Each structure stands twice: as structure tokens, then as C-alpha cells.
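Listed below are the residues making up each chain.
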Amino acid sequence: MANNDLGQTLRRLRRLAALTQEELADRSGVSVDVIRQLEQRRKHSARLPTLHALANGLGVELTTLLGDPPAVSTGENDGPRFVAVRRAIMPALWGPEPEPPGPAFSLDVLREQIADGWTRYHAAEFDAVMKALPDLISDARSATVSGTGSDQGAGFSALGKVLQLAGHVAVRMGKTDLALVSLERAIDAAARSSDPLLRPMIVNSVAWTYQRQGRLEDALNIALHAADDAKHGGHTGTADGLKVWGALRMSAATSAARSNDYQRAAELMENAEKEAARVAKLPQGGDSRMVSVFSPSSVRIERVRLAVQYGHPEDALSLAKGMRLGKDVPPSWRTWLLLDVARAHTDLGDATGAVKTLESLRRAAPTWMQHHTLAVAIVRDLWALPNHPPGLRPLAEFLGVGE
């Protein structure tokens, strides 16, 4: 990831679009000075609303501009392992129909394996998840043709959840169209499942994928629609149902913020934070690994992110100060919080604070850090300073940034 440079990518895409810097500024609404600083590598990162605007001006997906995603450790975007995932998501035409599983099959074991896949995903173990996905999808498809009634419904629940996981992995690989195929098939499975919360959870994943494609209005609308359905369907009376509703509202807030409607985003987040306090008081559900992430901690993490993105680093640090993250906050969310805090310190000119935060991130989630473009961008910005704070060189070497 350290070899991907935002300025170089921006310049290449602008030239491919036959645009001058001034013309791109006019199309995107981003100042010529910012575009020039990025292309001249005097700036190595920009806030997400700026990146979305540049991507829209260039007519490309955000992932194309960022050189995103945090990719699988092998870097095999279209290698044999990922081809196997494609085939599992989209079986070949006229291929054999799934057969019922053998006598040794256990749906409980399959569900545990899928939950473990989500844990590995949140720990950035993408290669391990890709290796497991084809067999998990195949086993889940087999489970949908065995038995009747509740057993078959449970099989479709497993299929929906593993196809959702495959969609997330595809997004991380930068394959958002494949992700949508997987997620649409997951929604079809959810409609035949025994889990009323599965469809809105998958819709949230679709909204996230739309965000990555720059389809912010579509992402906002489907998240709000699914959240309203969950509430009107009476699903917010349990902890799991409220988590699904809350995650959808946070997703809508993110889409609003990236569309430069910061006031609406703030209102949605304030409402979500108020409701998050109810999660611990409600009847608890099943395996938390299989349910949307929503808690007071996750809402606060998202509020920190929005504050950083919209140029309020002081507010971001104030929100993050003294935070105690709950056990239900996955490593990926902890990573985002530390990255945003490091970004806020950088924006305020506090290079020492930024380095200390990045050192904490390296200790807590080294794999995520290596795969995250923002970590590389922050270290590049710090490396460009005339005086390097203590501890920066090891971080630069760790991420492949330096002289």
C-alpha cells in the first residue's frame, strides 16, 4: 500500500480524462491549490468529502482514486484464490445444482465457521478469509436444500451471512461490482431465511458499497429506508434489533456527511448515540459476531471520524479523550479511531502526538495498519516535515515510507 501515492494517481487519472488542473477544479469544486499540492506531493492525504468530490469530477470510483482497498496480504487482486471466491459467488452457468450435505454436516459448526470468518475479517486476516470462503459458501448452499421448514430457513440464514462476508471482502479488494452481486444474492437468501434482521444488515453492507462507489444519495436513502422498516417492524425492542437499526442510522449519517450535509449527519449521530445507551438494557440476542456493530463506543468512534473529516480536529480529540471501548468493538473499529486521532494531531501540527498514536496502533493492530491507506498518508505527511519527531523512522520503515 505504501507504493500507492494519491498525488501520482490523481495526476494520472486527470490526464486520462484529458483535464487540466483548472478544469478538474471546476468539475469537482475542489480548489486548484489543493489539487496542485496533492499532485506535487506537498500533501499526501485529503479529507473524504474532498476525495469524493475529486472522484466525481474524474468520473471514477473513490477506490480507484485512493488505490484502495486495504488489500489481502498477498496482493492477489485477481490471483487463483480470488478467482475461487468469484466462482463461489457466481457459479458457472449450467453447473451442477447444490446437493444436500452429508451425514457429518452440522449447521451449528457451519455457523461457527462463518462467525469466525467475520472475526478474521475484522482482524484484517483477509487472506485466511478468502481461503475459507469458497467452501463456506458451498456448504451454505448445500444447507439450503436439506430438510424443510426451520432447517431450510436456517440454511438460507447461513448462506445470506456468508455471502455478505464475501461482499465485504470484495469491497476490500476494490471489486465493488462483484460485492454488489454477492450482496444482492445475500438479500435473496435473507428473504427465504428465518432471520428477520438479516436483510436490513445486508442492506447496510450495500449502503457501504454504494458509498465506496460515490453513490452517496443512494446509500443514504436505502439506509434510512431499512432503518425505518426495522423500527416499524418492531425489531428495536431487542439488543440485536437495535444494533441493526443503529448501524443503519450511522451509515446514513456517514453518507450525509460525505455529501456535505454535516448538519443532517450530526442530527442522525446525536439520535443514534442517545439510542445506543439502550442496547445494554435490552434482552440480548445470539452471537454478537453475526450482528451489526452498534454501541456507545461505535457511535463515538464515528463522531470522531466525522469531526476529523470536516476540519474540526479539536472536537475530534475532545470526543476521543478518555474513551473506554467496549468489548464488542472489533479491531477494525479501534483502528479507525486511532487513525482519526493521529490525523487530528497531524492537522493541529502536533507531530509528536500523531506518532504516539500511530505507535499505539502498531501495537494494537499491526496488520490493519499496514493495509490502511490513511496510515501511509499520515506517515508520509509527517515524513515531509523538516524535523522528524522521535519514533517516526521505525513507523516509516514499517510502512515502507521514507527516503
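Cut-off values and rules
Residues numbered from 1 in each chain as written. Predicted model: local features only at pLDDT ≥ 70, side-chain atom pairs only at ≥ 80, totals over all residues. Heavy atoms only, no water. Helix = DSSP H or I, 4+ residues; strand = E, 2+ residues; numbered from the N terminus. Buried < 20%, exposed > 50% of the residue type's maximum accessible area, 1.4 Å probe, protein only. Lys, Arg positive; Asp, Glu negative; His and termini not counted. Charge placed at Lys NZ, Arg CZ, Asp CG, Glu CD. Salt bridge = Lys/Arg side-chain N within 4 Å of Asp/Glu carboxyl O. Phe/Tyr/Trp six-rings, centres within 6.5 Å; stacked < 30°, edge-to-face > 60°. Lys NZ or Arg CZ within 6 Å of the ring centre and 35° of its normal. Contact = heavy atoms within 4.5 Å. Axes fitted to C-alpha atoms, helices over the stretch in contact; angles between N-to-C directions. Parallel < 35°, antiparallel > 145°, perpendicular 65-115°, else oblique. Nonpolar A, V, L, I, M, F, W, Y, C, P; charged D, E, K, R; others polar. Arc of directions from axis to C-beta. pLDDT = per-residue confidence, 0-100. Polar contact = N/O pair within 3.5 Å; in protein donor to acceptor, adjacent residues only side chain to side chain. 1 Å grid on protein atoms, 1.4 Å probe; cavity = no way out; pocket = protein on both sides within 12 Å on 5 of 7 lines; lining within 4 Å. Points joined across faces, edges and corners; volume = space filled by probe spheres on them. Left-handed = near helix turned anticlockwise from the far one by under 90°.

Peer 1: It is not clear to me how the overall build of the protein chain should be interpreted in this structure. Could you clarify?
Peer 2: Scanning the protein chain for helices and strands turns up 21 helices and 0 strands. When the backbone C-alpha atoms are referred to their principal axes, the protein chain occupies close to 70 × 50 × 40 Å. Across the 403 residues of the protein chain, 54% fall into the buried class. When the 47 positive and 46 negative side-chain charges of the protein chain are each reduced to one mean point, those points stand 3 Å apart.

Peer 1: Just to check I follow, could you spell out the pattern of salt bridges for this structure?
Peer 2: If charged atoms from side chains of opposite charge come close, those side chains can pair. Scanning the entire structure with this criterion turns up 15 salt bridges. The salt bridge involving D127 is made with R81; its shortest N-O contact spans 3.1 Å. With D127 in helix α8 (residues 126-143) and R81 in helix α6 (residues 80-89), this pair connects stretches of sequence that are 46 residues apart. Relative accessible area serves as the criterion here: at 18%, D127 is assigned to the buried category. As a salt-bridge pair, D116 and R120 come within 3.0 Å of each other at their nearest N and O atoms. Residue D116 and its partner R120 are both found in helix α7 (residues 107-122); the two are separated by 4 residues, about one turn of the helix. Taken together, the shared-partner salt bridges connect D116, R120 and E125 into one network.

Peer 1: Quick question: what am I supposed to make of the packing of aromatic side chains here?
Peer 2: To describe a pair of aromatic rings, you give the distance between the ring centres and the angle between the ring planes. Using the criterion set out here, one finds 4 aromatic pairs in the structure. Ring centres of F126 and W368 lie 5.5 Å apart, and the angle between their planes is 90°; on these two criteria the pair is classed as edge-to-face. Residue F126 is found in helix α8, and its partner W368 is found in helix α19 (residues 366-371); the two are separated by 242 residues along the sequence. Among the residues examined, F126 registers a relative accessible area of 1% and is labelled buried. For W368, a relative accessible area of 1% puts it in the buried group. Put simply, the rings of W118, Y121, F126 and W368 touch in pairs and so form one group of aromatic residues. If you follow K161 out to its NZ or CZ, it ends over the ring of W118, 5.0 Å from the centre.

Peer 1: I'm lost on the environment of A227 in this one. Help?
Peer 2: With respect to the element layout, A227 can be found in helix α12 (residues 216-232). For A227, a relative accessible area of 0% puts it in the buried group. Sequence separation between A227 and L248 is 21 residues, and the spatial gap between their C-alpha atoms is 5.7 Å. Setting aside anything within four residues of it in sequence, one finds A227 in contact with W245, L248 and R249.

Peer 1: Which parts of the structure should I look at to understand the packing of helix α13 (residues 239-258) against helix α15 (residues 296-309)?
Peer 2: It is at 11 Å that the axes of α13 and α15 come closest, and there the two elements cross at 0°. As summarised for this structure, α13 and α15 are arranged roughly parallel, according to the angle between their axes. Counted together, M250, T254, A257 and R258 of α13 and S298, V299, E302, L306 and Q309 of α15 form the full contact between these two elements. Residue classes in the contact of α13 with α15 are distributed as 4 nonpolar, 3 polar and 2 charged.

Peer 1: Hey, could you run me through helix α16 (residues 313-320) in this one?
Peer 2: Note that an α-helix has 3.6 residues per turn; residues three or four places apart therefore point the same way. Along α16, the positions that sit buried rather than exposed are P313, A316, L319 and A320. Buried positions in α16, seen along its axis, are confined to an arc of 125° and lie on one side of it. Buried residues belonging to α16 abut α15 and α17 (331-347). Once α16 ends, the next one or two residues include G322, with phi positive near 75°.

Peer 1: So what exactly am I meant to see when it comes to the confidence of the model for the protein chain here?
Peer 2: Reading fine detail from the predicted coordinates is not recommended where pLDDT is low. Model confidence for the protein chain is summarised by a mean pLDDT of 87, while 93% of its residues fall at 70 or above. Mean pLDDT across the elements of the protein chain bottoms out in helix α5 (residues 62-66) (70) and peaks in helix α10 (residues 176-191) (96). Note on residues 68-76: pLDDT under 50 across the span, and 32 contacts to partners over four residues away in sequence or across chains.

Peer 1: Which parts of the structure should I look at to understand helix α3 (residues 32-39)?
Peer 2: Within α3, burial applies to I35, Q37, L38 and E39. R41 lies just past α3 and shows a positive phi near 60°.

Peer 1: I keep staring at the side chain of T176 and nothing clicks. Help me out?
Peer 2: With respect to the helices and strands, the residue T176 is situated in helix α10. A polar contact of 3.1 Å, which involves the side chain of T176, links it to the side chain of Q213.

Peer 1: Could you clarify how one ought to interpret the layout of surface pockets in this entry?
Peer 2: Which parts of space are left empty comes out when a probe the size of a water molecule is rolled across the atoms. In this structure, the second largest pocket spans a volume of roughly 800 Å³. In this structure, the second largest pocket is lined by 25 residues; those nearest its centre are A88, P91, P96, P98 and R141. Elements with a minimum of two residues in the lining of the second largest pocket: α6, α8, α9 (150-172) and α10. For the lining of the second largest pocket, the element with the highest residue contribution is α8, accounting for 5 residues.

Peer 1: Got a minute to help me understand the packing of α6 against α10 in this structure?
Peer 2: The packing of two helices is summarised by the inter-axis angle and the distance between the axes. Orientation of α6 relative to α10, taken along the N-to-C sense of each, is 35°, at an axis distance of 10 Å. Regarding α6 and α10, the two cross each other, and that crossing is left-handed. Residues F82, R86 and I89 of α6 lie in contact with α10, whose contacting residues are L178, V181, S182 and R185. Residues that form the contact of α6 with α10 fall into these classes: 4 nonpolar, 1 polar and 2 charged.

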